[in-house]
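# Examining the three-dimensional arrangement
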Amino acid sequence: GFVTPTRGKRREYRFSFQDVVLLRTAHALQAAQIPARRIVRSLQRLRANLPGELPLTGLRISAVGGDVAVREGAHQWAADSGQLLIDFEVKPAQGSVQFLPAPPQAGGAAASAWFERGVALEADAPAQAEHAYREAIALAPEFVDPYLNLGVLLGNAGRPAEAAQCYRQGLVHHPREALLYFNLGVALEDLGTNPQALRAYEACLRLAPALADAHYNAARLHEAAGDATQAIRHYSEYRRLQR
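The notes below deal with the structure included here. (Residues numbered from 1 in each chain as written. Predicted model: local features only at pLDDT ≥ 70, side-chain atom pairs only at ≥ 80, totals over all residues. Heavy atoms only, no water.)

## Some words on the packing of helix H5 (residues 145–156) against helix H6 (residues 160–173)
In the contact formed by H5 and H6, the axes pass within 8 Å of each other and the chain directions differ by 170°. Put simply, H5 runs roughly antiparallel to H6. The handedness of the crossing between H5 and H6 comes out as left-handed. In this structure, H5 contributes Tyr 147, Leu 148, Leu 150, Gly 151, Val 152, Leu 154 and Gly 155 to the contact, and H6 contributes Glu 162, Ala 163, Cys 166, Tyr 167, Gln 169, Gly 170 and His 173. Among the residues forming the contact of H5 with H6, the class breakdown is eight nonpolar, five polar and one charged. (Axes fitted to C-alpha atoms, helices over the stretch in contact; angles between N-to-C directions. Helix = DSSP H or I, 4+ residues; strand = E, 2+ residues; numbered from the N terminus. Parallel < 35°, antiparallel > 145°, perpendicular 65-115°, else oblique. Left-handed = near helix turned anticlockwise from the far one by under 90°. Contact = heavy atoms within 4.5 Å. Nonpolar A, V, L, I, M, F, W, Y, C, P; charged D, E, K, R; others polar.)

Structure (structure tokens):
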């Protein structure tokens, strides 16, 4: 109940970018053996107390001992209490550390800025958000998130053909990205091309066999095509994954 995703046309969950960041953060904190109740309490307090213009995506949230710690720039504090934490950096006993520069990525920083702008504009200015995502793609075709967000934006605007084209463009650069195949399947269903949509869902499941919604959508299409055996197989897998 901490995040409240919306529902799409086929009752699939639709998470915002901030929802995904929060869920991944919670998972990392759980892996650090922070109790679930404390994780939820800390993140709720953090979200309630932050100013609206400072998104959680701009913070680094991690476990420090038994505390949930938040870092913003040079400052670090406990999410539960707001108390500042001293950052003890452990330095190597001998020698020195040399950081090698990462290979340059053309337009990477600018593409990220355009993507963040698109996320911020989606709710109130979808046309401007579309422009921002297209700018991010043009600057960094290897950046997968703008394809996903732009495709959903186009689909929600009743432009499934453009959404499908966007996902296909993304797959040229990211042929192993399961979500691109899943979203392509949704767009192809909206276009009424169910056989192609089914192939997209099957491609998605080859890469991500635990994606329950892909099993559900594939089951529906197999059922509509009269293939009861495959429909039952996917429905059964969907129910197993939902437990």
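## Side note on the packing of aromatic side chains
For any two aromatic rings, the description comes down to two numbers: the centre-to-centre distance and the angle of the planes. Counting across every chain of the model gives six aromatic pairs. Residues Phe 115 and Tyr 133 carry aromatic rings whose centres are separated by 5.7 Å and whose planes lie at 45° to one another, so their mutual orientation is tilted. With Phe 115 in helix H3 (residues 108–121) and Tyr 133 in helix H4 (residues 126–139), this pair connects stretches of sequence that are 18 residues apart. Summarising the burial analysis for this pair, Phe 115 and Tyr 133 share the class buried. (Phe/Tyr/Trp six-rings, centres within 6.5 Å; stacked < 30°, edge-to-face > 60°. Buried < 20%, exposed > 50% of the residue type's maximum accessible area, 1.4 Å probe, protein only.)

## Quick notes on the packing of H5 against helix H7 (residues 178–190)
It is at 10 Å that the axes of H5 and H7 come closest, and there the two elements cross at 15°. The orientation of H5 with respect to H7, classified from their angle, is roughly parallel. For the pair H5 and H7, the sense of crossing is left-handed. Contacts from Tyr 147, Leu 148 and Val 152 of H5 reach H7 at Leu 179, Leu 180 and Asn 183. Looking at the contact of H5 with H7 residue by residue, the classes come out as five nonpolar, one polar and no charged.

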